[in-house]
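Here's the letter readout for the chains.
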Amino acid sequence: MRAVEYQVMSEVEDSHWWYEAQRSAMESVLKKVGLLESLKGCSVLDAGCGTGGHLKWLQSLLNSTKLAGFDRSHEAICRARKKVPDAQIWTDDLTQCSLTLHDKCYDLILCSDVIYSLDQATVFTALETLLKPLRSGGLFLLHVPALPWLYSHHDLSVGTRHRYRRREIDELLTKLGLELILVSYRMSILLPLVLLQRLPSIIRLQLQRCRGASGKMASLAAESADTPSQLRLPGTWLNGLLKTVMRGESWWLSRGGTFPVGCSILALGRKP
């Protein structure tokens, strides 16, 4: 991801409807399964912490005794350290985890919108290593973009290699030896709008693939890498409206409901 994208992320993640909705969904799931109170004061690791928005939220939500995070981007780490000065934050790569975390010292590990950028051949090994410092009975909270047919220029610009299906996440967490507590699509209500917005670039990418134009696809990827993503703060009224809509999804998750389809997948697993 380009440095400018991290700047945008840092500026908007405290107030953007997308981030608020994601955190609200995570909190709703933890409350529903009766685990939120037990996590108060726990030790937390955010794997791929970006510019620190989730760390700041977790610090407020859980009052963690040990708050840590890492990211492969030095640009992101610098911003995260300023945003959450009490957290232990360092530079690391999920696929080459030095981690320095071999003691089982974390009660909760969050990995939000990270593995989508990894080569599929490396995902299992990376997560297997990541889960080593998770205590027995500890929780793994995973969030990924969903539905391969939604792949668009936005995905290219943020480095997405794979959008997931729910079945893939079920199989991945099971293979990792985790007890599945919840796996659900989310961003379901807004799926038609997202599809309409991205449809032109989706069609363009699909046409390139169908023509087998590998050179053109590489050129298109390079072009998109220099194109800003869709991460921008909407106008106040629209941002507020979208927050309200997404609170409805969080309410449904808090009631134990799940969604059959959506733009993202949220999963919660427990280590035996």
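Scroll up a little and you will see the structure.
Here goes a summary of the coordinates provided. None of these values were measured; they are calculated from a predicted model.

Let's talk about the overall build of the chain
Phase 1 of the analysis: When you go through the chain residue by residue, the secondary structure sums to 10 helices and 7 strands.
Phase 2 of the analysis: Taking all 272 residues of the chain together, 54% fall into the buried category.
Phase 3 of the analysis: Summarising the internal contacts of the chain: among those between residues at least 6 apart in sequence, 75% fall at separations of at least 24.
Phase 4 of the analysis: Of the accessible surface of the chain, which amounts to about 12300 Å², a share of 55% is contributed by carbon and sulfur atoms.

Quick notes on the pattern of salt bridges
Phase 1 of the analysis: This model, assessed by the stated rule, comprises 14 salt bridges.
Phase 2 of the analysis: Between Lys 243 and Glu 20 there is a salt bridge, and its shortest N-O distance comes to 3.4 Å. Here the residue Lys 243 occupies a position in helix H10 (residues 236–254), and Glu 20 occupies one in helix H2 (residues 17–32), the gap between them amounting to 223 residues.
Phase 3 of the analysis: Residue Glu 20 is classed as partly exposed on the basis of its relative accessible area of 26%.
Phase 4 of the analysis: Of the charged contacts, one joins Glu 75 and Arg 79 as a salt bridge, the two residues approaching to 2.9 Å between their closest N and O atoms. With Glu 75 and Arg 79 both in helix H4 (residues 74–83), this residue pair falls 4 residues apart, about one helical turn.
Phase 5 of the analysis: Linked by salt bridges that have partners in common, Glu 13, Arg 23 and Lys 83 make up one network.

Structural notes on the side chain of His 162
Phase 1 of the analysis: With respect to the helices, strands and loops of the structure, His 162 is situated in the loop between helix H6 (153–158) and helix H7 (166–175).
Phase 2 of the analysis: Here His 162 falls in the buried class, since its relative accessible area comes to 17%.
Phase 3 of the analysis: A distance of 2.9 Å separates a polar atom in the side chain of His 162 from a polar atom in the side chain of Glu 168.

Considering the packing of aromatic side chains
In this description, an aromatic ring pair is defined by two values, namely the gap between the centres and the angle between the planes.
Phase 1 of the analysis: Applying the stated criterion to the full structure yields 3 aromatic pairs.
Phase 2 of the analysis: Summarising the aromatic geometry, the rings of Trp 17 and Trp 18 are spaced 6.3 Å apart at their centres and angled 90 degrees between planes, so their arrangement reads as edge-to-face.
Phase 3 of the analysis: For Trp 17, a relative accessible area of 12% corresponds to the buried category.
Phase 4 of the analysis: Between the aromatic rings of Trp 251 and Trp 252, the centroid separation amounts to 6.3 Å while the plane-to-plane angle is 40 degrees, which identifies the pairing as tilted.
Phase 5 of the analysis: Over the face of the ring belonging to Phe 124 we find Lys 175, whose NZ or CZ atom lies 4.5 Å from the ring centre.
Phase 6 of the analysis: The ring of Trp 18 carries Arg 186 above its face, with NZ or CZ at 5.7 Å from the centroid.

Re the packing of H2 against H10
Phase 1 of the analysis: Where H2 contacts H10, the two axes come as close as 9 Å, and the packing angle between them is 15 degrees. Between H2 and H10, the interaxial angle falls into the category roughly parallel. In the crossing of H2 with H10, the sense of the turn from one axis to the other is right-handed. Across from Trp 17, Glu 20, Ala 21, Ser 24, Ala 25, Ser 28, Val 29 and Lys 32 in H2, the residues of H10 making contact are Asn 239, Leu 242, Lys 243, Met 246, Arg 247, Ser 250, Leu 253 and Ser 254.

Topic: the nonpolar core
Phase 1 of the analysis: Leu 94, Ile 115, Leu 127, Leu 130 and Phe 140 are the most contacted members of the largest nonpolar core, which totals 82 residues.
Phase 2 of the analysis: Excluding anything up to four places from it in sequence, Ile 115 contacts Leu 94, Val 123, Leu 127, Leu 142, Val 144, Tyr 164 and Leu 172.

Regarding the sheet that holds strand S1 (residues 43–47)
Within a sheet, neighbouring strands are paired by backbone hydrogen bonds and run either parallel or antiparallel to one another.
Phase 1 of the analysis: Taken together, 7 strands build an open sheet; the order of strands is S3-S2-S1-S4-S5-S7-S6 and the sheet is mixed. Edge strands, defined here as strands with exactly one partner in the open sheet, are strand S3 (88–91) and strand S6 (179–186). Each strand of the sheet is rotated relative to its neighbour by a mean of 15 degrees, with strand direction disregarded.
Phase 2 of the analysis: With 7 bridges connecting them, S6 and strand S7 (residues 264–270) associate as antiparallel partners. What sits directly across from Ser 184, in S7, is Leu 266.
Phase 3 of the analysis: Packing of H4 onto the sheet brings it into contact with strand S2 (66–71) and S3, and relative to S3 it is tilted by some 170 degrees.

Overview of the packing of H2 against helix H3 (residues 53–62)
Phase 1 of the analysis: Running from N to C, H2 and H3 cross one another at 40 degrees; their axes reach a closest spacing of 11 Å. As summarised for this structure, H2 and H3 are arranged oblique, according to the angle between their axes. In the crossing of H2 with H3, the sense of the turn from one axis to the other is right-handed. Of H3, the residues touching H2 (which contributes Gln 22, Arg 23, Met 26 and Glu 27) are Gly 53, His 54, Trp 57 and Leu 61.
Phase 2 of the analysis: For the contact of H2 with H3, the class distribution of residues is 3 nonpolar, 3 polar and 2 charged.

Cut-offs and rules
Residues numbered from 1 in each chain as written. Predicted model: local features only at pLDDT ≥ 70, side-chain atom pairs only at ≥ 80, totals over all residues. Heavy atoms only, no water. Helix = DSSP H or I, 4+ residues; strand = E, 2+ residues; numbered from the N terminus. Buried < 20%, exposed > 50% of the residue type's maximum accessible area, 1.4 Å probe, protein only. Contact = heavy atoms within 4.5 Å. Areas by Shrake-Rupley, 256 points an atom, 1.4 Å probe, with all protein chains shown as cover. Salt bridge = Lys/Arg side-chain N within 4 Å of Asp/Glu carboxyl O. Polar contact = N/O pair within 3.5 Å; in protein donor to acceptor, adjacent residues only side chain to side chain. Phe/Tyr/Trp six-rings, centres within 6.5 Å; stacked < 30°, edge-to-face > 60°. Lys NZ or Arg CZ within 6 Å of the ring centre and 35° of its normal. Axes fitted to C-alpha atoms, helices over the stretch in contact; angles between N-to-C directions. Parallel < 35°, antiparallel > 145°, perpendicular 65-115°, else oblique. Left-handed = near helix turned anticlockwise from the far one by under 90°. Core = buried A, V, L, I, M, F, W, Y, C linked by side-chain atoms within 4.5 Å. Pairing = 2+ DSSP bridges. Nonpolar A, V, L, I, M, F, W, Y, C, P; charged D, E, K, R; others polar.

None of this, on its own, says anything about what the molecule does.
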